[in-house]
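This is what each chain is made of:
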Amino acid sequence: MSSKEYLYSRIRQQFREGLESPEPVDEKTTAHQAIAARYTLNDVVLGASIRRQLEEALAKIKYFQKIYVEWGFASVDPAGKGVVLNFYGPPGTGKTLTAEALAGSLGKPLMFISISDLESKFMGDTSKNIVQVFKTALAEGAVLFFDEADTLLGKRLSSVTQGIDNEVNAMRSTLLIELERHEGVVVFATNFGKNYDAAFVSRISQHIKFELPGAEERRSIWSKMLVAGIPIEASRDELLEALTELSDGFSGREIRSCMRLALPKPLLEQGEPILLLRHLEEAIAQMRTTIVELTAEQRSNGNIKLDAARKMLGVN
Ligand SMILES: Nc1ncnc2c1ncn2[C@@H]1O[C@H](COP(=O)(O)OP(=O)(O)OP(=O)(O)O)[C@@H](O)[C@H]1O
Ligand SMILES: [Mg+2]
């Protein structure tokens, strides 16, 4: 892949994942650089059970010295220094955000690895480079985040040539070895929890299931999205109550998309721009229509996944 193609793939990737870079991506950005995490777990709205699981994972990392050295657990679990987490669940439920937030809460940078980088960029050199990815992560103390991990850790890759298949298989073996001996934090994310190869499943310390937000979580997500600077007229509590009700079944990403759709609306109207419930209602209705249309599209074309379609259409 040329540096320009790589640049574009990075931009697309960041657009898809909502990981708008704090600095403009320039052509000198090297592959697999660690970025400073911009969030902590306080910025993510999570149900009690997921939060608890993440806190336990954090505690294992923070108290490694106590558990493994002082208490001596290393004598029976010598390879226990690393932590491998698997985030699985529907699109837009905060898996990528939580990976970055976890890094932020640990005070570590994040290294974001996507299968498309590994597949194309390292053609002919994949295994060597996967080793490099782990080495860099260790040197920088970074949390390694593998997105679209079902493709990466699954039994088969959608690839075009035998050469790539071999390449990917070699990479998988290397990945297994690296995971076994890595001393840092690795997070995998996927929409499909069941497609992993058993060898990888057994190396994952915790599988964490992400779900669509319930009413309480939706309220908190709306509240986060309605940042202080946005002029609103109604009482904030009433607004939040209405929005929580209206957005039943929405993911966090869909709530953010509603905000993106709603915010320009008051600016096109006469007078002082104020975000009203009706703007948000309109946006929510637009979002529902989009979801229904994309679901129909998905049914008529089994190859297009709903989330992929949403991303393609920019309603991510
Ligand atoms: N639980 C949440 N708390 C706060 N914000 C959320 C939450 N879930 C989603 N969002 C918002 O939606 C955006 C997209 O979520 P994110 O990219 O983390 O979803 P994902 O689970 O990784 O989706 P995908 O499976 O498509 O990769 C986040 O950056 C955030 O703005
Ligand atoms: Mg994601």
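Residues numbered from 1 in each chain as written. Chains lettered and ligands numbered in written order. Predicted model: local features only at pLDDT ≥ 70, side-chain atom pairs only at ≥ 80, totals over all residues.

Draft legend 1. Representation of the packing of helix α10 (residues 215–225) against helix α12 (residues 252–262) in the model. At a minimum axis separation of 10 Å, α10 and α12 run at an interaxial angle of 40 degrees. Here α10 runs over α12; the crossing is right-handed. Across the interface between the two elements, R218, I221, W222 and M225 from α10 touch G252, I255, R256 and M259 from α12. When the residues that make up the contact of α10 with α12 are grouped by side-chain class, the tally is five nonpolar, one polar and two charged. (Axes fitted to C-alpha atoms, helices over the stretch in contact; angles between N-to-C directions. Helix = DSSP H or I, 4+ residues; strand = E, 2+ residues; numbered from the N terminus. Left-handed = near helix turned anticlockwise from the far one by under 90°. Contact = placed C-beta atoms within 7 Å. Nonpolar A, V, L, I, M, F, W, Y, C, P; charged D, E, K, R; others polar.)

Draft legend 2. A look at the site of ligand 1. Taken together, 21 residues surround ligand 1, and among them P91, G94, K95, T96 and G252 come closest. Elements that contribute at least two residues to the shell around ligand 1 include exactly α4 (95–106), α10 and α12. Residues belonging to the shell around ligand 1 are distributed by class as follows: eight nonpolar, seven polar and six charged. There are two domains that each give the shell around ligand 1 at least three residues, and those are domain 1 (3–209) and domain 2 (215–312). (Near = placed C-beta within 6 Å. Domains from an automatic or database assignment.)

Draft legend 3. Layout of unusual backbone geometry. Of note, the phi angle at E148 is positive, near 50 degrees, even though the residue is not glycine. With respect to the secondary-structure elements, E148 resides in the loop between β4 (143–147) and α7 (149–153).

Draft legend 4. Representation of the sheet that holds strand β6 (residues 206–209) in the model. Spatially, six strands are ordered β1-β3-β4-β5-β2-β6 in an open sheet, and the strand pairing comes out mixed. Each of the sheet's edge strands pairs with one partner strand only, and the pair in question is β1 (34–35) and β6. Sheet analysis places strand β2 (residues 83–88) next to β6, joined by four bridges and oriented parallel. Opposite F87, over in β6, you have I208 as the bridge partner. Against the sheet, helix α6 (residues 126–140) touches β1, β3 (110–114) and β4, its axis set at about 165 degrees to β3. (Pairing = 2+ DSSP bridges.)

Draft legend 5. Geometry of α12. Within α12, eight of the eleven residues are buried, which leaves the element mostly enclosed by the surrounding structure. All of the buried residues in α12 are G252, R253, E254, I255, S257, C258, M259 and A262. (Buried ≥ 20, exposed ≤ 12 C-beta atoms within 10 Å, placed from the backbone.)

Draft legend 6. Layout of the environment of A103. The residue A103 is located in helix α4 in this model. Separated by 62 residues in the primary sequence, A103 and L41 have C-alpha atoms spaced 8.9 Å apart. With residues up to four places along the chain from it excluded, the contact list for A103 reads A37, K108, P109, L110 and V143.

Draft legend 7. Molecular detail of the confidence of the model for the protein. Chain-level statistics for the protein give a pLDDT mean of 82 and a share of 77% at 70 or above. The model gives residues 1–8 a pLDDT under 50, and that stretch makes seven contacts with residues more than four places away or in other chains. Every residue in residues 14–30 scores below 50 in pLDDT, and together they form 16 contacts with partners more than four places removed in sequence or on other chains. (pLDDT = per-residue confidence, 0-100.)

Draft legend 8. Focus on the pairing of β3. Counting buried residues in β3 gives five out of five residues, a clear majority hidden from the surface. What you see with β3 is no split at all: L110, F112 and S114 on one side and M111 and I113 on the other are buried throughout. The sheet contact formed by β1 and β3 spans two bridges and is antiparallel. Bridged to A34 within β3 is M111.

Draft legend 9. Seen up close, the environment of F73. Secondary-structure assignment places F73 in the loop between α3 (64–70) and β2. Sequence-distant contacts of F73, that is, excluding residues within four places in its chain, are made with I67, Y68 and G80.

Draft legend 10. Seen up close, the pairing of β2. Burial analysis of β2 places six of its six residues in the buried class, which makes it a mostly covered element. Bridging between β2 and strand β5 (residues 185–190) involves six bridges; their strand directions are parallel. Across the sheet, Y88 pairs through a bridge with T190, a residue of β5.

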